[in-house]
Amino acid sequence: MPQLVAVFLLFISLAFGVRAEDAGPAPDQPSPSETAAMQQLVELESSFKYQTGTVDLPGGKAQLKLGDAFRYLGPEDTRRLLVEGWGNPEVGTTWGMILPAGVHPFSPDGWGVIVTYESDGHVSDDDANTIDYAQLLKDMQESTRAESDQRVGQGFPALELVGWAQAPSYDATGRRLHWAKEIHFGDAAENTLNYNIRVLGREGVLVLNAVAGMNQFQDLRPALEQVVTSAEFTEGNRYDDYQEGTDKLAGYGLAALVAGGLVAKTGKLALLLVFAKKFLGVILLALAGMGGWLFKRFRQKPAA
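The following paragraphs examine the structure supplied in this document.

Definitions and cut-offs
- Residues numbered from 1 in each chain as written.
- Predicted model: local features only at pLDDT ≥ 70, side-chain atom pairs only at ≥ 80, totals over all residues.
- Heavy atoms only, no water.
- Salt bridge = Lys/Arg side-chain N within 4 Å of Asp/Glu carboxyl O.
- Pairing = 2+ DSSP bridges.
- Helix = DSSP H or I, 4+ residues; strand = E, 2+ residues; numbered from the N terminus.
- Axes fitted to C-alpha atoms, helices over the stretch in contact; angles between N-to-C directions.
- Buried < 20%, exposed > 50% of the residue type's maximum accessible area, 1.4 Å probe, protein only.
- Contact = heavy atoms within 4.5 Å.
- Core = buried A, V, L, I, M, F, W, Y, C linked by side-chain atoms within 4.5 Å.

1. With respect to the pattern of salt bridges
Under the definition given, this model contains 9 salt bridges. Overlapping salt bridges, with partners in common, bring together Glu76, Arg79 and Glu84 in one network.

2. Things to note about the sheet that holds strand S7 (residues 176-185)
With antiparallel pairing, the 7 strands of this open sheet are ordered in space as S3-S4-S5-S9-S8-S7-S6. Lying at the two open borders of the sheet, with one neighbouring strand each, are strand S3 (70-73) and strand S6 (159-171). Adjacent strand axes in the sheet meet at a mean angle of 20° when their direction is disregarded. Of the strand pairs in this sheet, S6 and S7 are connected by 9 bridges, and their pairing is antiparallel.

3. Brief notes about the pairing of strand S9 (residues 205-213)
Burial analysis of S9 places 9 of its 9 residues in the buried class, the great majority of the element. Going residue by residue along S9, you find Val205, Val207, Asn209, Val211 and Gly213 tucked away on one face and Leu206, Leu208, Ala210 and Ala212 tucked away on the opposite face as well. Relative to S9, strand S5 (residues 112-118) is paired through 7 bridges, and the arrangement is antiparallel. Following the sheet pairing, Gly112 is matched in S9 by Val211. Here 9 bridges tie strand S8 (residues 192-200) to S9, and the two strands are oriented antiparallel to one another. Following the sheet pairing, Asn196 is matched in S9 by Asn209. The hairpin turn running from S8 into S9, its antiparallel successor, is 4 residues long.

4. Some remarks on the environment of Asn194
Relative to the helices and strands, Asn194 is located in strand S8. Note on Asn194: relative accessible area 4%, which makes it buried. A sequence separation of 14 residues divides Asn194 from Leu208, and the C-alpha atoms of the two residues are 10.0 Å apart.

5. Remarks on the sheet that holds strand S2 (residues 62-65)
An order of S1-S2-S10 is seen for the 3 strands of this open sheet, with the pairing classed as antiparallel. Unpaired on one side and paired on the other, strand S1 (54-56) and strand S10 (231-233) mark the two borders of the sheet. Across the sheet, the mean angle separating the axes of adjacent strands is 25° when strand polarity is ignored. In this structure, S2 lies alongside S10, joined through 3 bridges in antiparallel fashion. Each bridged residue has a counterpart across the sheet, and for Gln63 the counterpart in S10 is Glu232. The sheet strands contacting helix H5 (residues 217-230) are S2 and S10, and the helix crosses S10 at an angle near 15°.

6. A closer look at the nonpolar core
In this structure, Ile98, Leu206 and Leu208 are the most contacted members of the largest nonpolar core, which totals 31 residues. Mapped onto this core, the elements with two or more residues apiece are S2, S3, S5, S8, S9, H5 and S10. The element best represented in this core is H5, accounting for 6 residues. Apart from the residues lying within four places of it in its own chain, the contact partners of Leu206 are Leu57, Ala62, Trp95, Val115, Thr116, Tyr117, Ile197, Arg198, Val199, Ala231, Glu232 and Phe233. If you look at the next biggest cluster of nonpolar residues, it comprises 23 residues, including Leu137, Trp179, Leu257 and Val258.

Any link to function would need more than the numbers given here.
Printed below as a string of structure tokens:
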């Protein structure tokens, strides 16, 4: 029992800054697996190295101006959050992740924006006004079914592209394309939101994918608009810096960005890279057994 109390107090003090005398009555004792899972999440989150303010992204091509509203995790901490914390398959290389400053990443309200870079070349926006997004959605759903089969074979839940949560739109002035997909994972009770932003640059595309629950969508819209404006290419790497005849030109346009890219040799849609935001089931069970006050603590701003 002393070991259980120590783990419990560690969980509270590190994750929420709660004093032991404020914790209230002693909760029911969780199982060893629940205790281990709680301790794992505490240790994981406490090891993250957050950054705020202006962040130079890897490679120096782009930067984030986050201010105090958001915080940034580097590539390795992003991998650990996505894989160890949110239960996704192993991820490839990212440029990090943007998280809201006032929300704990393992709370039901937690969400994040994964940042990557596609270096296929300068993407022309000539097709901006001619894309049939209804047909494109059908093609993407077929591609998603193929990816789902691969995921199931690897032991992960099946996934389904339900449809647009927000149809694609393009800002020709800011060279930004954004849209939202509604994704269903396995037997999950709630669908996942994948909000996608693409910022076109001189030699490639800055990719921002927001991962959250569908029930968060409306509340997140203002915050996502701030994220869009926080990301920009540096001088010499912007869209208008493109040198025709000198710089590499991508072999696809905006439609392929929405679809997830093209396989250059075959022209087929590439498999979609889709992440889920999971609050580990064993932790939910532990929270239910330990009382509603602890669940509320997860909704509060994390300790500084």
